Amino acid sequence: MVIREELEQIVGPHFSKNSFGYRPKKSAIQAVQQCRKNCMKYNWVIDLDIKGFFDNIDHELMLKAVRHYTTKKHILLYVERWLKADVLQTDGTLRKNESKGTPQGGVISPVLANIFMDIVFDKWMERHYSDTPYERYADDVVIHCKDFKEALRLLESVKARLKRCKLEAHREKTKIVYRKSNQKYHPPFKVYYRTFDFLGFSFKTRRTRAKWGHMQLVYTAQKKIYGG
């Protein structure tokens with residue numbers, strides 16, 4: 001926890017304003033609110049899901065990302081030890097750690113995840129797509145685009161970027177979503193996805209009555225209700 005707090009003070013000021021996860025004075029609700037506002041401005045959304053993110057972070061790339069922010073020897077020493085520590089399994093045996101993955105349940109993992117995604121995604125977006133709005137909560141990412149072609153090109157670029165950093169976009173869970181809020185306008189092709197989930201909220205089109213009495217379409221975020 002001591003190392004985590006010291007590391008947070010070093011990296012925190014450099015993080016993107018669009019990064020909301022596991023940060024002081026940032027919250028999931030703020031991410032959802034920003035996402036809802038951007039959904040009202042942009043018709044297309046990239047719902048990005050990274051396959052096994054915490055389990056697949058490459059150790060060498062992770063250490064390189066930490067070194068980008070600090071050269072303090074004690075921080076680098078402990079981070080490397082935590083990354084390479086053996087894993088205690090439920091049957092009491094120790095499993096030799098591989099060259100990837102962050103400590104499961106460790107207090108340092110959220111900070112390391114933010115550092116890694118800040119270099120891999122946030123800084124990359126700032127360099128190449130500075131005008132494209134997005135929200136990120138750890139490895140949950142929503143990107144907003146003006147049209148389908150832009151979303152398609154950007155998604156391919158994101159996939160290539162993740163691959164270079166030894167990560168992978170989940171094939172089934174990553175999708176391009178159309179934000180339908182107009183009864184007259186429809187894309188000239190079949191749209192497969194019109195809803196997406198983000199941080200426990202379902203973003204979808206629904207009908208509501210306007211002040212003048214007519215029904216209209218709006219795109220809203222509704223809290224998901226889970227059974228059980």
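Residues numbered from 1 in each chain as written. Predicted model: local features only at pLDDT ≥ 70, side-chain atom pairs only at ≥ 80, totals over all residues. Heavy atoms only, no water.

**Here we look at helix 6 (residues 109–128)**
Here is step 1: With 20 residues, helix 6 should cover 28 Å at 1.5 Å per step; its first-to-last C-alpha distance of 28 Å lies within 8% of that length.
Here is step 2: At D118, helix 6 shows its maximal bend, which comes to roughly 45 degrees.
Here is step 3: Of all 20 residues that make up helix 6, 16 are buried, and the element is covered over most of its length. (Helix = DSSP H or I, 4+ residues; strand = E, 2+ residues; numbered from the N terminus. Expected span 1.5 Å × (residues − 1). Bend = angle between axes of the 7 residues up to and from the residue. Buried < 20%, exposed > 50% of the residue type's maximum accessible area, 1.4 Å probe, protein only.)

**Observations concerning unusual backbone geometry**
Here is step 1: If you check the backbone angles, K25 has positive phi at about 65 degrees while not being a glycine.
Here is step 2: With phi around 55 degrees, L199 is a residue other than glycine that occupies positive phi space.
Here is step 3: For L199, the location among the structural elements is in the loop between strand 7 (196–198) and strand 8 (201–209).
Here is step 4: When its relative accessible area of 22% is taken as the criterion, L199 is described as partly exposed.

**Thoughts on the side chain of R4**
Here is step 1: Looking at where R4 falls in the secondary structure, it is placed in helix 1 (residues 2–11).
Here is step 2: In terms of polar contacts, R4 uses its side chain to reach the backbone carbonyl oxygen of V107, at 3.1 Å.
Here is step 3: With sequence-adjacent residues up to four places away left out, R4 is seen in contact with V107, I108 and V111. (Polar contact = N/O pair within 3.5 Å; in protein donor to acceptor, adjacent residues only side chain to side chain. Contact = heavy atoms within 4.5 Å.)

**Section: the pattern of salt bridges**
Here is step 1: A complete count under the given rule lists 8 salt bridges for this structure.
Here is step 2: Between E80 and K84 there is a salt bridge, with its nearest N and O atoms 2.9 Å apart. A residue pair is termed a helical-turn pair when its members lie 3 or 4 positions apart in one helix, as E80 and K84 do in helix 5 (residues 73–84) at 4 residues.
Here is step 3: A relative accessible area of 41% means that K84 is categorised as partly exposed.
Here is step 4: Note that E156 is salt-bridged to K159, the shortest N-O span being 3.8 Å. (Salt bridge = Lys/Arg side-chain N within 4 Å of Asp/Glu carboxyl O.)

**Side note on the nonpolar core**
Here is step 1: M62, I115, F121 and I143 are the most contacted members of the largest nonpolar core, which totals 45 residues.
Here is step 2: Secondary-structure elements contributing two or more residues to this core are helix 1, strand 1 (44–49), helix 4 (59–69), helix 5, helix 6, strand 5 (140–145), helix 7 (148–164) and strand 6 (175–178).
Here is step 3: Among the elements that take part in this core, helix 6 stands out by supplying 10 residues, more than any other.
Here is step 4: In contact with M62, not counting residues within four places along its chain, are I57, L83, L112, I115 and F116.
Here is step 5: Residues A31, V177, F196 and F198 belong to the second largest nonpolar core, which totals 13 residues. (Core = buried A, V, L, I, M, F, W, Y, C linked by side-chain atoms within 4.5 Å.)

**Overview of the pairing of strand 4 (residues 134–137)**
Here is step 1: Burial along strand 4 is two-sided: Y134 and R136 and E135 and Y137, pointing in opposite directions, are all buried.
Here is step 2: Bridge analysis of strand 4 against strand 5 gives 4 bridges, and the strand direction is antiparallel. Its bridge partner lying in strand 5, R136 is registered against V141.
Here is step 3: Here strand 4 folds back onto strand 5 in antiparallel fashion, the turn holding 2 residues, of which A138 has a positive phi close to 60 degrees. (Pairing = 2+ DSSP bridges.)

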